[in-house]
Every structure is written in C-alpha cells, then in structure tokens.
Amino acid sequence: MLGFPQAPSLGCRGLPGPGALDAAGTRCSAPAPQLPAPPRPLHPETPESSGAAFAACPARTGPDSRADGSHWPWQGCLFPAGHGAGQKSAGFCPVLNFSLTSSFVEKQQSHKKGRGRRGSCARKRRRRASEEGRSRGAEAGRAGPERASLDMRCLSGAWRAAAPRLPAPWRSPRCRGSAAGPAARKSVPYEKTLREAGSGSGEPSRPPPRSAEVVVVGGGSLGCQTTYHLAKQGVTSVVLLERDRLTSGTTWHTAGLLWQLRPSDVEVELLAHTRDVVSRELPAETGLHTGWVQNGGLFIASNKQRLDEYKRLMSLGKVYGVESYVLTPSQTKDLYPLMNIEDLYGTLYVPKDGTMDPAGTCSTLARAAAARGATIIENCPVTGIQVRADDFGVRRVHAVETAHGTIQTPCVVNCAGVWAPALGRLAGVHVPLVGMHHAYVVTERIEGIQNMPNVRDHDASVYLRLQGDALSVGGYESNPIFWEEVSEKFAFGLFDLDWDVFMKHIEGAINRVPVLEKTGIKSTVCGPESFTADHKPLMGEAPEVRGFFLGCGFNSAGMMLGGGCGRELAHWIIHGRPEKDMYGYDIRRFHHSLTNNNRWIRERSHESYAKNYSIVFPHDEPLAGRNVRKDPLHEELLRQGCVFQERHGWERPGWFSPGGAAPVLDYDYYGAYGRERHKDYTYNRLLGDEYTFDFPPHHDIIKTECLTCRTALALFDMSYFGKFYLVGPEATKAANWLFTADVSKAPGSTVYTCMLNQRGGVESDLTVSRISPGAPASPLAPAFEGDGYYLAIGGAVAQHNWSHITAVLQDMKLQCKLLDCSEELGMMSIQGPLSRVVLQEVLDTDLSNEAFPFSTHKLVTAAGCTVRAMRLSFVGELGWELHVPRADCVKVYQAVMQAGARHGIANAGYRAIDSLSIEKGYRHWHADLRPDDTPLEAGLAFTCKLKSSIPFLGREAVEAQKANGIFRRLVCFTTEEKVPMFGLEAVWRNGEVVGHIRRADFGFAIDRTIAYGYIRDPAGGPVSLDFVRSGSYELERMGVPYPAQAHTRSPFDPDNQRVKGIY
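Definitions and limits used
Residues numbered from 1 in each chain as written. Predicted model: local features only at pLDDT ≥ 70, side-chain atom pairs only at ≥ 80, totals over all residues. Heavy atoms only, no water. Helix = DSSP H or I, 4+ residues; strand = E, 2+ residues; numbered from the N terminus. Buried < 20%, exposed > 50% of the residue type's maximum accessible area, 1.4 Å probe, protein only. Contact = heavy atoms within 4.5 Å. Areas by Shrake-Rupley, 256 points an atom, 1.4 Å probe, with all protein chains shown as cover. Pairing = 2+ DSSP bridges. Axes fitted to C-alpha atoms, helices over the stretch in contact; angles between N-to-C directions. Salt bridge = Lys/Arg side-chain N within 4 Å of Asp/Glu carboxyl O. Polar contact = N/O pair within 3.5 Å; in protein donor to acceptor, adjacent residues only side chain to side chain. Parallel < 35°, antiparallel > 145°, perpendicular 65-115°, else oblique. Left-handed = near helix turned anticlockwise from the far one by under 90°. Nonpolar A, V, L, I, M, F, W, Y, C, P; charged D, E, K, R; others polar. Expected span 1.5 Å × (residues − 1). Core = buried A, V, L, I, M, F, W, Y, C linked by side-chain atoms within 4.5 Å. Phe/Tyr/Trp six-rings, centres within 6.5 Å; stacked < 30°, edge-to-face > 60°. Lys NZ or Arg CZ within 6 Å of the ring centre and 35° of its normal. Disulfide = S-S within 2.5 Å.

Here's the deal with the overall build of the protein
Moving on, step 1. Scanning the protein from N- to C-terminus turns up 23 helices and 44 strands.
Moving on, step 2. Out of the 1063 residues in the protein, the part that is buried amounts to 62%.
Moving on, step 3. Pairs at least 24 residues apart make up 74% of the contacts formed inside the protein by residues separated by at least 6 positions.
Moving on, step 4. Accessible surface for the protein amounts to roughly 38,000 Å². Of this, 50% is attributable to carbon and sulfur atoms.

A word on the sheet that holds strand β33 (residues 817–820)
Moving on, step 1. Spatially, β30-β31-β32-β29-β33 is the arrangement adopted by the five strands of the open sheet, whose pairing is antiparallel. Every interior strand has two partners, whereas the edge strands, β30 (750–756) and β33, have only one. Averaged over neighbouring strand pairs, the angle between their axes works out to 30° when direction is ignored.
Moving on, step 2. In this sheet, strand β32 (residues 787–793) lies alongside strand β29 (residues 722–728) in antiparallel orientation, the contact comprising seven bridges. Opposite G722, over in β32, you have I793 as the bridge partner.
Moving on, step 3. Here helix α17 (residues 731–738) sits on the sheet and contacts β29, β30, β31 (762–771) and β32; the angle it forms with β29, its principal contact strand, is near 130°.

Points about the pairing of strand β42 (residues 1008–1015)
Moving on, step 1. With seven of eight residues buried, β42 is to be regarded as a mostly interior element.
Moving on, step 2. Direction of pairing for strand β39 (residues 969–975) relative to β42: antiparallel, over a ladder of seven bridges. What sits directly across from V971, in β42, is G1013.
Moving on, step 3. The sheet contact formed by strand β41 (residues 992–1003) and β42 spans eight bridges and is antiparallel. Counted as the bridge partner of G1003 is R1008 from β42.
Moving on, step 4. The turn linking β41 back onto β42 is made up of four residues, and D1007 within it adopts a positive phi angle of 60°.

A word on the environment of L878
Moving on, step 1. Within the fold, L878 resides in the loop between β36 (865–870) and β37 (879–885).
Moving on, step 2. Overall, the relative accessible area of 2% leaves L878 in the buried class.
Moving on, step 3. It is 8.9 Å that separates the C-alpha atoms of L878 and F854, two residues lying 24 residues apart in sequence.
Moving on, step 4. Excluding residues within four positions of it along the chain, L878 makes contact with I830, Q831, G832, P833, S835, R836, R871, R1058, V1059, G1061 and Y1063.

Topic: the pattern of salt bridges
Side-chain pairs of opposite charge can arise where the charged atoms are in close proximity.
Moving on, step 1. Considering all chains together, one arrives at 53 salt bridges under this definition.
Moving on, step 2. Between K232 and E281 there is a salt bridge, with the nearest N and O atoms lying 2.6 Å from each other. In this pair, K232 sits in helix α5 (residues 221–232) while E281 sits in helix α6 (residues 265–286), placing the two residues 49 residues apart along the sequence.
Moving on, step 3. A salt bridge links E285 to K232, with the nearest nitrogen and oxygen atoms 3.8 Å apart. Of this pair, E285 sits in helix α6 while K232 is found in helix α5, placing the two residues 53 residues apart along the sequence.
Moving on, step 4. Classification of E285 as partly exposed rests on a relative accessible area of 33%.
Moving on, step 5. What makes K232 partly exposed here is its relative accessible area of 34%.
Moving on, step 6. Through salt bridges that share partners, K232, D276, R280, E281, E285 and R372 make up one connected network.

With respect to the side chain of Q467
Moving on, step 1. Within the secondary structure layout, Q467 lies in strand β19 (residues 462–467).
Moving on, step 2. Within the local environment of Q467, its side chain forms a polar contact with the side chain of R465, the two groups lying 3.0 Å apart.

A closer look at the packing of helix α19 (residues 835–842) against helix α20 (residues 889–900)
Moving on, step 1. One way to put it is that α19 packs onto α20 with a least axis distance of 9 Å and a crossing angle of 125°. Of the possible angle classes, the one that applies to α19 and α20 is oblique. Relative to α20, the crossing made by α19 is right-handed. Every residue of α20 that contacts α19 at V838, L839, E841 and V842 is listed here: A895, V896, A899 and G900.
Moving on, step 2. For the contact of α19 with α20, the class distribution of residues is six nonpolar, one polar and one charged.

Structural notes on helix α11 (residues 499–512)
Moving on, step 1. For α11, built from 14 residues, the straight-helix expectation of 20 Å at 1.5 Å per residue is met to within 8% by its first-to-last C-alpha distance of 19 Å.
Moving on, step 2. Burial runs high along α11: 11 of the 14 residues are buried.
Moving on, step 3. For α11, every residue scored as buried is listed here: W499, D500, V501, F502, M503, H505, I506, G508, A509, I510 and R512.
Moving on, step 4. One side-chain oxygen of the residue at the start of α11 lies 3.0 Å from the amide nitrogen of D500, identifying that residue as D498.

Comments concerning the nonpolar core
Moving on, step 1. Within the largest apolar cluster, 185 residues are counted, with the highest numbers of intra-cluster contacts made by F548 and F716.
Moving on, step 2. Considering each element in turn, this core owes the most residues, eight residues, to helix α12 (residues 558–575).

Some points on the packing of aromatic side chains
Within a pair of aromatic rings, the relevant descriptors are the distance that separates the centres and the angle that separates the planes.
Moving on, step 1. Under the criterion given, the structure shown has 32 aromatic pairs.
Moving on, step 2. Summarising the aromatic geometry, the rings of W419 and F490 are spaced 6.2 Å apart at their centres and angled 40° between planes, so their arrangement reads as tilted. One end of the pair, W419, is in the loop between β16 (412–414) and α10 (420–427); the other, F490, is in the loop between β21 (482–483) and α11, with 71 residues separating them in the sequence.
Moving on, step 3. On the accessibility criterion, W419 (11% relative accessible area) is buried.
Moving on, step 4. Judged by centre distance (6.0 Å) and plane angle (20°), the rings of F874 and Y922 are stacked. You can see F874 sitting in the loop between β36 and β37 and its partner Y922 sitting in the loop between α21 (910–920) and α22 (955–964), a full 48 residues away along the chain.
Moving on, step 5. Overall, F874 belongs to the partly exposed group, its relative accessible area being 28%.
Moving on, step 6. What makes Y922 partly exposed here is its relative accessible area of 21%.
Moving on, step 7. Among the aromatic side chains, those forming a connected cluster through ring pairs are F482, Y667, Y669, Y670 and Y673.
Moving on, step 8. Here the guanidinium or amino end of R602 rests over the ring plane of F482, the centre of that ring lying 4.0 Å away.
Moving on, step 9. Here the basic side chain of K858 rests over the ring of F852, its NZ or CZ set 4.9 Å away from the ring centre.

Here's the deal with the sheet that holds strand β13 (residues 382–389)
Moving on, step 1. Taken together, the three strands give an open sheet; going across it, the order is β13-β14-β15, and neighbouring strands pair in antiparallel fashion. For this open sheet the edge positions go to β13 and β15 (405–408), each flanked by a neighbour on one side alone. Averaged over all pairs of adjacent strands, the angle between their axes in this sheet comes to 25°, without regard to strand direction.
Moving on, step 2. Direction of pairing for strand β14 (residues 395–402) relative to β15: antiparallel, over a ladder of four bridges. Note that in β15 the partner of A399 across the bridge is Q408.
Moving on, step 3. Its contacts with the sheet put α10 on β13 and β14, and the angle it makes with β13 is roughly 40°.

Observations regarding unusual backbone geometry
Moving on, step 1. Cis geometry is found at the peptide bond from A775 to P776, where omega equals 0°.
Moving on, step 2. Summarising the element assignment, P776 is placed in the loop between β31 and β32.
Moving on, step 3. The phi angle at N555 is positive, at roughly 55°, despite the residue not being glycine.
Moving on, step 4. Inspection of the secondary structure assignment puts N555 in the loop between β24 (548–552) and α12.
Moving on, step 5. Of the residues examined, N555 reaches a relative accessible area of 3% and is grouped as buried.
Moving on, step 6. Despite not being glycine, K813 shows a phi value in the positive range, around 55°.
Moving on, step 7. With respect to the helices and strands, K813 occurs in the loop between α18 (798–812) and β33.
Moving on, step 8. Take K813: its relative accessible area is 47%, and that puts it in the partly exposed class.

Description of the state of the cysteines
Moving on, step 1. According to the stated counting rule, one finds zero disulfides in the structure shown.
Moving on, step 2. In this structure C415 is not part of a disulfide, and its nearest cysteine sulfur, from C552, lies 7.4 Å away.
Moving on, step 3. When its relative accessible area of 8% is taken as the criterion, C415 is described as buried.

Quick notes on the side chain of R546
Moving on, step 1. Tracing the backbone through its elements, the reader meets R546 in the loop between β23 (538–541) and β24.
Moving on, step 2. Within the structure, R546 has its side chain in polar contact with the side chain of D811 (distance 3.3 Å).
Moving on, step 3. If we ignore the near neighbours within four places in the chain, the residues touching R546 are V394, R395, R396, V397, E541, A807, Q810 and D811.

Set out below in structure tokens:
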C-alpha cells in the first residue's frame, strides 16, 4: 500500500485556481497554482523521444534487407529512415486501390458526408477512383519524400466519398474475423526492435536446462516482468522460453501508454509499480535507459458525466499521491495549443503519466533478470506440457517439452498472450480469451506537438500518443476484427489495416487536433492483441492443473500493467497468493462452465472491447453473454417485472420494475457486423436510465423494496448462491482448519464464518451448517460417511471459494469431498417483521424463538415439499432462508407469496439487499472484505475462535496482528447531506487524506448516505477506536468535500434486536 501524502494545495480542494471548474460546475476564485512545467524538449534523436538507444539492443539487420545484403527496391524512397520497413508507396491506399491526391479529393468534396453511397453514381465514382489509382500507382511508388504519406484530410474525405463496398464477412450475422497471416510493408514507430533477420532459425539461443523451479513461457511484457520479479524475489532457477525473439508476439507493436489513474485502487497501485520499475528501478540496476518518457496525460471530457468520472479518479488519486488537475477548456488550450476546445467540457491532466518503449523495457528486464540468475532462451518453442496425477488424483505440472529438450518443473507460467489458449490446451487448461486486430497509425512530423501530453478522448474513443515530433492515433471501435485462426508461426508481424474499421479514429483525432487534417500518415500498425470477457487480465493458478499459472489476456495493457502484475504473479507463485487483492484478475473469478463457453467468451470480449472507453457507471450491466445460467424462479420473476443482473453467468434479480417484463435479449453486437440492433429494447432502456452519478431514476422503486422489508416483509430470490457440501471421515478436521469460527457443533447449527489465507487475509465469508446424512440421499441431504457440512456462499464468488477449499484439501491430503449442488437447489430468503406470521402458514414447524432460534436450521415441509429452513438474515431483520430442490421452487415460491399477499409481501432484488445490508453493517466480500483485509481490520474478530486452541488457516497472522496493533481499520461513515456515493471517495480526517471508501449506498430507514472505508493514521500509529472517534471527517466526492460522521457501531439497530424478533 502506498503512503498518503497530502495533495498539493490547489484552491477549491484540488482544482486549479481562477477559471477552474469546481465539482459543482462553478468557477473557483482562489489564486491559480503554477501547473508543473512540461518535460524538457525531446530531441528527435535522443533516447527519450524515440526509445532508440538501448545498450541491451544491438543493431540488427532489418527485415528490408535481402539475403545478399542489398535492399529491396522500395527501401529508401518511401519513408524517413527508421520508419520505412517495407511501407507501401506514399500516395497509394492499398485498401481503396486509388491515389489520395489533392485533385482527387477536390472532386469529392461535395460527398464528404456520404460514406459508401449506393447507386449508379456512386459506382461510377468508385470506378473512376479505382482507375485513377491504378494509373497513378507507379508514379506514387517513385514519389519523393514530399509524397511519402497518406494525408489524413484526403483519407477522411475520400473514404467517405468513394469507399468501395468490399465483400466482407462482417456483413453476415457471423462475427467478422480474419485468418490472414501478417501483412508485409507495415512498420512500428520504434527505431529499435528486437527483430533479427535470423530469428526463427531453429536454433535456441542456449540449450534448455534439464530442470527449473519455474518455467515462464512467452517473452513479451508479462513474461519478462514475471521472470524479473521472480529472480528479484529469490527464485534463481527460473527459465523464460520464447519461441522466437523477445517481444515478437504482441508486445513489439504496442503503443506503450501508461496512465496512472484507473477506477480501482488496486490498479492504481499496480500502475505505480510499473512506472517505478521502468523509470527508476531498472535504470538504477542496469545503467540502461528503458525508453520511459514522462510527458503527462490528458483525459478529455465533452460532457458533465465524463468530467464527473474524471473527478472520481482525481479524488482516488489523492489517496495514493497521484498528482492531477481538473482544467477548464481555456487552461487545456494553454497546455495543448493544437487542441480544439470548442466541444470541451473540461479535462483531467496528470503530469506524471508517460510512455514506454517495448524493446527497451523488455531487453532491460531480461538483462536484469539474467544478472540475478534467470535463464532467457529465445528460439525455443514449447511443444508439450507433461501433467501427472499424484496419489490423490490431483493433476500437477511435471515438465515442459520443447523442440530442443525437456525441462522438469513443477510450475509453468503461461505468458503467451494471444497464443495462451493453445498453450493451455497442452495441459488441459481452458484460457478464456480471444485474439483481435488492434491498430494505430503514426503521423508525419507535426510542428508544435513536441512535449505535448498523451491524450485520451474517451467520448471519441480515440487516443493520441506523443511519438517524438509526431502522434500515434488509435482507439477502440465497435466492430473489431477477430483473429479466427491464430498462427503458430506469427512473429514480428502486422496485419493490413482495415480502413473501414479504423476510420472513426481518424475522424475523432482530426476533431480533437485539427492540424491532423493536413498531416500525413507515416505508417500503420495493426497487430494482434488478446482480449477477455471483462477486459481484465487472466492471472493465478488454473483450477484444472496445480502448478499451471496464467499471466495473459491483458487487453492491450500488458506494458502498463506488466510491472505491477509481474510482481504480484511472482509472489503468487512463491507464496501461494499475491500480496494485493488480485481477485479482479484471478482466473477463478469465472465459473468453470464459462471458461470453455465460446459464445460467452466471444460475446463478452466483444462488448468489453467496444465499451472500453465508455463511462464506468455504478449500476451498468452487460448485454452480451446473458441467460447462460438461470435459476428455477427466473421465468416467474421475469413476468413480475424483474430487472436482472448478471453475476458468474447467473441471472439474479436486481430490482423490480412496475412497468412489466424486461427480458434480456440475444446479443446484437451493438449493430456491428451487419446485425440489426434491437428496437424498443426495454432492458437496455432501463439500464440507460441509470447511466448517472446522481441518484438513479429507479431510486424510489428500490426505496419501496427496502422499506417494505423493514416494515412488513419481502422475498429475495438468492438461488444463484453457491451451495456446497463438505463431507467425509475428515470433514471436521478440514472444517476446523478452513473456517475461522468453531463450526464443529451439533447437526442443526448454522455459523457465520470467514476463510483466511496464510497472511490472515479474508478469502471468503459464508455460512456453514452442520448436517446429518440423508437416507435416501437427496440434494438437500447427501449420503456420506463421517461428518457433513453445508456451505452457502455468494454466487458471484462461488468458483473462487470452490478453488480455495479444493486447494487446501489437496495440500492437506484430507479424506473428504467437496460436492457442488448449486444448480440442484434454489434459495429464497423471506425477511421482515411479518416473516414469522407468513411462514408459519406455509411451514409445518413451530417458528417461535424457543423452537427455532437464530442460527439454526431444519428440514421441514412447505407446500408439500421438503425444504431446508434456516433462520438467518443478511438484511438485519427477522427472517428465514428456504433451500429448496429445483423442481419444487416455483411451487414453494407461489405458496409463500399467496400467504404473504394480505400482509403486504413484495419481491425485492439485490439492489435492495445492497442498501439494507450496508445499513445494518453487514459485510460484502470483495467490497468491505478482500484477501488483503484481515478480520480484525474489518471488525469481524467475533468470527475467529481465538479463545479456543483449535488451529485454523491464518490464525498465526491474526494473533500477531492482535498483539502488534491494528494499523488499518474499516469505519462506517454517514453524511447529513443526501448525496449519492458509490465508492472510491477520498476520506479526509482533520485535513489529511487517510483512506478511501470501498462501498457506499443510501440507507432508506435512516435516510442517510452510508459509506464504508479503511483508514490509516498518517503518522503511522495504530488505528484504535479512540482514534476513529476523535477525528473530524470529510468524504471527498468528485472533488467536493462533504462533512461525515464516523461510527464504531452500526447506525441501524446496533443492538441486533430486530433479527431476534424484537420490534
């Protein structure tokens, strides 16, 4: 965790002075601070400007040289030195097949707004264009330097006027894809790459060893970073295998941008480490320059919502000492004179953002790793992975086979990028990613662009990267091209750029920096990148094979996330878990049924790519990959207006719309690939209504659900929960070790508990119920010998829990089984003051406090069906959960709703649960609780059996923390002002930043905004309850501070009277 240095004093709490926008949209009157001076001018030939001079990158024969040393005929006449590796002629467009000359464009000016018009006139224009292009092709090939590039204005205008409608697979319903190999005559903008004429010669750079502790496969950014950090953490017997040369797959052509601010505290920390590695650590270790350029970053906002998102990032940045400024349009113009500001609402400037050079970074990493004992082997492709089952049937990595020998190893790290699925198949591991074409173009020299910050114009879906005295222009489009058949031989290759796909980026770039309209395109870069279902990497140990780790699927962000992720992955391999909370990247975040579901992977990866630059709203849901897992009440609730959320593949109730059914339809790819967009799509419209950082329009509907639960009763369908059985002769031994609470009680008991890792971090919170064996066996009561426990776990983290428990059982070699009955059982929770009255009519058992106390369970009959009733609550009310066989769920549901009708029962969803639970102070795993939080820090010491002598996983760490003091503590805050908060808000105590909010919602019963966040003492001391009580607090939301009150107990029913039935 980084420190909490005080943010610079900028007037109006962190905003530049006169003329600057404050968070309410008004102007500040405080004196304006002096913005940091731009970096010193970068001479085009200095390493800082081009990443050219690397001691670790010897000059090599370029790909444009013939075998006899002579040059191909196009070399030397098309592009400036260092950029002409096989480019097509300057004035010739290979896609349009015509020359983009000024005379041609002049003929087409009247048609600029008509892309690809149909009809005879359009066809005639295209024929004339084609003929003119063919006649001028030879002349263009002989053109001098003044005609050495495509003119953006010509390209944009001419394309609209005369773009031929090429036969294309994307016009059919099937997704567009490409099986084409690499296109020649393209060029990356780096003067030095690690490409060699002799690469792929068949001889490895050195013989592979017979054994190694770890074998890393893939010599791109992640492979080099992971190898470096493994060696730095003491693993000297580590081997990196690269089938060609380092960076040859996807890393060599990356844009190499690094933005420090992301809407995630963990990612901010990961990015900070990458920046530290490339700017400080590696140069200090090796004496080499990595190619790092600190030229700053500028985020463009064209509307209030976008600027609000940036202000959220600014507030989070203050917690981690990331310097940033919200600028007005005029201030932005002063910083970036070439920018068009007519449509600007504001910008966020981060002066210490920058760019990295792939060859410089990876070669320096390799040298530093080798100096620490690592072995780097190039030209050594992996041909197989040996996996063997141990005596308990657990599949483990045994060896890596290469074309030049076999390496015995217990650990393989898959850093193979786009090729990761193929490597995974060698071991029987599913790697859920897809390959896509991802592109940018490099402009000719632009006068006045030197020293400008990199730009992200999210609303135009385009970025502008400073490239010395030019710009690289790229972005994310809605119709990316899938790489359908990934070639094993692909190395240092590029695809032909599809201008039809890419043109939107040209238009967005010209709008933002108008000088680009008269600027030539020096080269195009279109290469493969790997993308995942949620646009986040795949990391951690694969559930299928022990010792097989993933470090792939980085969604074109492998350079900027590489340092942080490489360090975490190394720690994961060595110690069994990362230091930080990496659940968002952990392969176990996906249910095993999804990682081999090609439709789900493809749809979700497309949507995540297409929406990469969209505003991250708190209540957004995917439209892709839906309806994969439905619980037994799905159709019943859909008819009653349920608006579903997607979690772990499940459709779970979000909230209930009074407007009627809102079904989730098949994915329409947002109209891409010739598909027709859904019309009158109710579900999509309801989602769109909630695209706000204010209270959503359905706020009052959720309020009704919450208050109905507080005053009468509500039914929550929680069937998506994970429902596992831990059974067998040594089940109690396993339960004692796994769970922090004492669960070895008599059958009929239910206990809320945590599971920890060795460092005392919370891997899960769940309920564990002691059960008796069934006779005959059923989903409610399996048959088993020995002891049995029923585990109910939040459905969104069920796979993570399954994998954690399984790994512990395997490591301890215990005689017990873990059974998954999640699909066979439904789960309903009936909560509220009247729940006992209603359920007493439905269940055949006495529900009094004496007969059915809190935290107990029974097999009972409901509507003629056997169910397991548990007296529990996750909302702070009197209530029961009913665990019901799938076939009986609808019958039981209807019986409960019928009995509750006259008492005012209502359906309620997870949006209501979120509000009700935070109001009561109940924790949510991966919000209030994470693997880097301990029970003591989270206020869950009562779940730990520290007064007993029973050992449990993580006990030593918890006891040590208890003895040494708690230096971070979860605190509840409320605000008098009714303002929406969603998390990431900075927490100020007595004028100092002490933490940030993890989770926030509105509590309707207390009529307050409620927020939970971990705080520290800036002086480094323990955070006691007295420390919490003695402070004066503010929560900074989008740059605006709001006075807050800290609570050491729940602000709602702190004495727990309601769950006991005392109202």
